[in-house]
Amino acid sequence: MPDGGMGPGRRGGGGQPPPTNVLGGPLLPCSVAPVTGFFRDGCCNTGPEDLGLHVVCAEMTAEFLAFSKARGNDLSTPRPDYGFAGLKPGDRWCLCAARWEEARAAGRAPRVLLEATHIAALEVCRLEDLKAHAVEA
């Protein structure tokens with residue numbers, strides 16, 4: 001790949017263009033309260049070290065949090081040892097694209113903020129599906 005194998009729009013070294021969202025525009029922040037993102041920068045940025053592809057900016061629901069917990073990823077229980085207060089409905093969080101897709105296939109996908117969802121999500125998710133679950137910015 002000409003981009004060093006990182007995929008479209010993935011964060012790279014100096015001189016890289018700014019991250020892009022799934023609509024082709026600049027990647028907007030997802031959440032700073034709670035602070036989210038693989039790099040804990042509030043954005044759903046990604047890079048070669050982000051093996052889980054944490055790029056879908058999703059608005060949490062009780063239904064999705066229960067779904068994720070049942071799948072082995074408890075996002076609602078506080079983990080003070082990691083500085084994690086736990087998520088609650090209404091919080092926005094950068095989800096792994098594969099988890100969001102799994103939830104969508106099960107009818108449990110949370111709403112998505114497209115402008116804050118990294119273009120790399122399209123490696124796993126269809127734009128039509130993301131748009132069908134869109135929430136206003």
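Residues numbered from 1 in each chain as written. Predicted model: local features only at pLDDT ≥ 70, side-chain atom pairs only at ≥ 80, totals over all residues. Heavy atoms only, no water.

Draft legend 1. The state of the cysteines, seen in detail. Per the counting criterion, the structure on display carries two disulfides. Disulfide partner of Cys 30: Cys 57, at an S-S distance of 2.1 Å. Looking down the S-S bond of the Cys 30 and Cys 57 bridge, the torsion is 85 degrees, so its handedness is right-handed. Of this pair, Cys 30 sits in the segment before β1 (54–59) while Cys 57 sits in strand β1, and the two are 27 residues apart along the sequence. Between the sulfur atoms of Cys 44 and its disulfide partner Cys 94 the distance amounts to 2.1 Å. (Disulfide = S-S within 2.5 Å. Helix = DSSP H or I, 4+ residues; strand = E, 2+ residues; numbered from the N terminus.)

Draft legend 2. Layout of the nonpolar core. Among the nonpolar cores identified, the biggest contains 24 residues, and Val 56, Met 60, Leu 95, Trp 100 and Leu 130 are the most heavily contacted of them. When contributions to this core are tallied by element, the ones reaching two or more residues are β1, α1 (62–70), β2 (92–96) and α2 (97–105). Cys 30, Cys 44, Leu 113 and Val 135 belong to the second largest nonpolar core, which has seven residues in total. (Core = buried A, V, L, I, M, F, W, Y, C linked by side-chain atoms within 4.5 Å. Buried < 20%, exposed > 50% of the residue type's maximum accessible area, 1.4 Å probe, protein only.)

Draft legend 3. Representation of the environment of Trp 93 within the structure. Checked against the element boundaries, Trp 93 lands in strand β2. The spacing of Trp 93 and Gly 42 is 51 residues in sequence and 8.8 Å in space, taken between C-alpha atoms. In this structure, Trp 93 is in contact with Cys 30, Pro 34, Val 35, Thr 36, Arg 40, Val 56, Cys 57, Ala 58, Met 60, Leu 75, Phe 84 and Leu 87, ignoring residues within four places of it in sequence. (Contact = heavy atoms within 4.5 Å.)

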